[in-house]
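Here's the letter readout for the chains.
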Amino acid sequence: MNTTTPSLDRRQFLKTTSGVALFIGVSGMLPLAISCKNEKDIQLQLEKHPLTAWVQLSEDGQITIYNPAAEMGQGSMTSLPVLFAEEMDADWSKVKVAFSPQDVAIYGTEGWRPGTRILMSAGSRVTKSYYKVMRNAGAQARYVLLASAAKHWQVPMAELRTDQGFVINTQDDQRISYGELIPFLEMPETLPDFTPEQLKKPKDFRLIGKDIPRKEIPVKVDGSAQFAGDLRLPDMVYGVLERGNLHGAKPTLTNESDILAVEGVLKIVPFDYAIGIIASSLEQALAAKKILKINWSDSEATGFNSQEIFSEYEKIASENKKGKTITEIGNVQQALKSAARTYTADFKNDYVYHAQMEPLNSVVQVTEDLQSAEVWVGSQQGGDGKLGVPEALGIPPENVKINLQYLGGGFGRRSMTDFVVECVALAKEMTPRPVKLIWTREDDLTYGAYRPLSLQRLSASTDTQGNITSLSHCVVADNGNLATSGIRNAYYDIPNQFAESRGTSRGIRLKHWRAVGHGPNKFAIEALLDDIALDQGIDPVELRRKLMGKSPRALATLEKAAEMANWDIPSAAGRAKGVAFLERSGTLGTGICEISVNRDTGKIKVHNFWSAIDAGVIVQPDNVKAQMEGGILMGMSSVLKERITMVDGRIQQSNYHDYQLLRFEDIPESIETEMIASTEHPQGVGESGTPLVACAIANAFLKLTGKRLRHLPFTPDRVLAVLNS
Amino acid sequence: MATYTLDINNTEHTVEVAEGTSLLWVIREHLGLTGTKYGCGIAQCGSCTIHIDGTPTRACIMGVDNLNEGQKITTIEGLSENGDHPLQKAWIEAQAPQCGYCHSGQLMQAAALLEANPSPSRDEIKTYMNGNLCRCGTYMRIVKAIELASEEQIATS
């Protein structure tokens, strides 16, 4: 411990450093959790003996580590505690994990702007943003244990070491377990922050990088994992909303007395965009919802026909007026003038829906004085983690307690707070009774917030040697911000690049959808590269190999994937392979798929999918593979099947019968993932697989048929139309 | 309102609900057996799969009054005594779930499959499981887990 950084004094710590702010130090006494307002909570906390804000010790040696992030299947319930336990030198078999309080000052990470903090599980950022935080906090917990043992034994701290749950005196080999140290625990006067250099070296990792079973899997196989919708509180009532199928339309209820006459109905709560019903039971609320008679106003979306909008988007792309510049490197215009060949192509994609298996829901209880609220919700968090509840009630954030529950899928949808704020509005009407808000699948789909429909217009130029000299990319989309991620090409050595966004709006609700703009943008970029490769008679892997001359880490993923897929060996008759490369959330990945096509039905079959990724340090290898498998299958689902359409602004789909997802019958024979060994900072993996799929399939299709698929999704009707063109 | 007596996981439960209330709401919201999940309400996703006399059934479209006298219901909570059904063990070994929301239904469907066909081929697994959706994309591991459980059951029988 002689290498720690100079410490701030204790008073500063209370203000600045995460993990310590919880405690008031009274020499000789256990630290006390002052953030707990509730006496029962404090009692429970004390029984568990908080060591720092992040961890509690029990006398039987059990260690409870807090997970500050959402658990939506991406594995945060294990990956973050693994980071902590690694530095705490804890015995993993004794580790339990609990969700942390949603207190951004203690459990947040650095926000987008300097000096700000956020609680957020989105953009594949959890492992990446908590890597240093959790390791530092784990090292601090170990420091408290070492300091306490040093004082107990009256020896210098430098003579002590730890080993998987024990503090050991290096002079006489005396050992004491972390649990046995509880009576002697004392907060040191100062608690150092640890720099990365002072933490364990990757070669010394015992937990990081090992295949450790996920902590929350057992409760997910016996039905006991608690999702927000599973909550049942005394006196609880149920809420549902009818939001119509025309986004932005305002409702007028015309049969209020009929609704109030339905057995069990307690209240009608009008919203700007919906009619809410509160009833004693869920079936009563749903029965009343079914007979609502509502006149809906027109909205901005009225008259919008999603499948006819592309001609308008094409006009926008053709206008001389430039949009918002996203990237500009070199001079594309000049490159085009001196080009030996030029290539231009349009690519399109329809709206897609999150379709997480658990429709949105939440439970909210507001006190009678309207001054405090408690919330149970599966949320991807965001901001201060209070989910808009303080604003909705006009109360300070500390009066809102958020109890994070497991998420039945997030994919970006649960980073919105509409389903929480709605429930607050209902609960405010029913104080002090808790309200459980249920969105039906139809509600979840028709009042969804989709990945935007967009048009991508690309042009590229090559010189006489076939080198790509420029790439220009214009995306026209509903909401430019959601459509531009993935439009840059930092890992391809193309000297002149230009990308711009031309926004338009038709009043459709939109939101980040797994990998956001990467799906459509990388599809367009990677497909254009293969158009060029085909025209110039260059192998698609060779073309990318040349482009990656200055990006060795990207190249390593390409070479690895090509090796895994036996790229140089042609597929069996009737099959072909396609390749794609991209960066998402800092992870570099090459994907190769092998497909066949039924030329009678137009159905594409994916046989195999190989991918190689460089995501820096891999915290949980098997979980990374699981994320890639899941991401690729979700990619296949969206690419082969999914589209939301609007006619006169009205959403045309309503449930899984007309919004089809990939099923078991469509899964590949294999999905294989290799991870490039690295000691670099971990990057995000959750979204890396999904956007690889469209381009890899489209490029395999080009190889197989000589025809180009340019409009997502590649439904059988579109595939047949392209084959017959 | 009417009173119904249900045999769920070998325990008798009495519940008073409106006629036609779906078995899913009865099980989840009235009786608190919340392992069975709501996903679509129209028998398209399989999240609410339970067994009625051993037959996998979508609880969301089954009215509570459509049950016959004496029919036995099994939910995920009753699949095994201690969460140790061969499929549950295989699910953990394969690290199958991600968000986990659909997995009660996946397990109940798979349990009925192995009951009817102890050593299904991969194609038989895919066909039998086709009505159960998973948005996280855990299908590959579910297939693997069913194959593991099948091998285990055969090896120990």
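Note that the coordinates shown come from a computational prediction; the quantities given were computed from them, not determined experimentally.

Kindly report on the interface of chain B and chain A, identifying the contributing residues and their values.
The interface is formed by 51 residues belonging to chain B together with 63 residues belonging to chain A. Between chain B and chain A lies a buried interface of about 4700 Å² when both sides are counted; carbon and sulfur atoms form 57% of it. Three residues, B:Gln98, B:Arg135 and B:Met140, lead the burial of chain B against chain A; their summed loss comes to 19% of the area buried on that side. At the surface where chain B touches chain A, the tally comes to 6 salt bridges. Note that A:Glu629 and B:Arg141 form a salt bridge whose closest N and O atoms lie 2.9 Å from each other. Between the two partners, chain B and chain A, sit 30 residue pairs in polar contact (both at pLDDT 80 or more). Secondary-structure elements contributing two or more residues to the side of chain B that touches chain A are α1 (23-30), α2 (86-93), α3 (103-116), α4 (122-129) and α5 (139-156) of chain B. With 5 residues, α5(B) is the single largest residue contributor to the side of chain B that touches chain A. Among the residues forming the side of chain B that touches chain A, the class breakdown is 24 nonpolar, 19 polar and 8 charged.

Tell me about the sheet that holds strand β14 (residues 265-270) of chain A, residues and numbers included.
Residue and element names in this part refer to chain A. Ordered in space as β14-β15-β12-β22-β19-β20-β21, the 7 strands form an open sheet in which the pairing is mixed. A strand with exactly one partner marks an edge of an open sheet, and here the two such strands are β14 and β21 (400-404). Taken over all neighbouring pairs, the strand axes of this sheet differ in orientation by 20° on average, direction set aside. Examined bridge by bridge, β14 and strand β15 (residues 275-279) share 5 bridges and lie antiparallel to one another. In the strand pairing of β15, Val269 is matched with Gly276. In the packing of helix α8 (residues 282-290) onto the sheet, contacts are made with β12 (237-242), β14, β15 and β22 (435-438), and the angle to β12 comes to roughly 25°.

Lay out the domain arrangement of chain B with the relevant residues and their values.
All names here are of chain B. Along its sequence, chain B is carved into domain 1 (2-78) and domain 2 (86-156). Inter-centroid distance (C-alpha atoms) of domain 1 to domain 2 is 22 Å. Regarding the contact of domain 1 and domain 2, the summed buried area is about 1200 Å², with carbon and sulfur atoms giving 55% of it. Across the contact surface, domain 1 and domain 2 share 0 salt bridges. Seen at the junction of domain 1 and domain 2, the total is 6 residue pairs in polar contact (both at pLDDT 80 or more). Of the residues in the side of domain 1 that touches domain 2, the class split is 4 nonpolar, 9 polar and 2 charged.

Give a detailed account of the environment of A:Pro50, specifying residues and quantitative values.
Following the sequence through the fold, A:Pro50 ends up in strand β3 (residues 50-52). For the pair A:Pro50 and A:Ala141, spaced 91 residues apart in sequence, the C-alpha separation works out to 10.0 Å.

Cut-offs applied
- Residues numbered from 1 in each chain as written.
- Chains lettered and ligands numbered in written order.
- Predicted model: local features only at pLDDT ≥ 70, side-chain atom pairs only at ≥ 80, totals over all residues.
- Heavy atoms only, no water.
- Contact = heavy atoms within 4.5 Å.
- Buried area = accessible area lost by both parts, 1.4 Å probe.
- Salt bridge = Lys/Arg side-chain N within 4 Å of Asp/Glu carboxyl O.
- Polar contact = N/O pair within 3.5 Å; in protein donor to acceptor, adjacent residues only side chain to side chain.
- Helix = DSSP H or I, 4+ residues; strand = E, 2+ residues; numbered from the N terminus.
- Nonpolar A, V, L, I, M, F, W, Y, C, P; charged D, E, K, R; others polar.
- Pairing = 2+ DSSP bridges.
- Axes fitted to C-alpha atoms, helices over the stretch in contact; angles between N-to-C directions.
- Domains from an automatic or database assignment.

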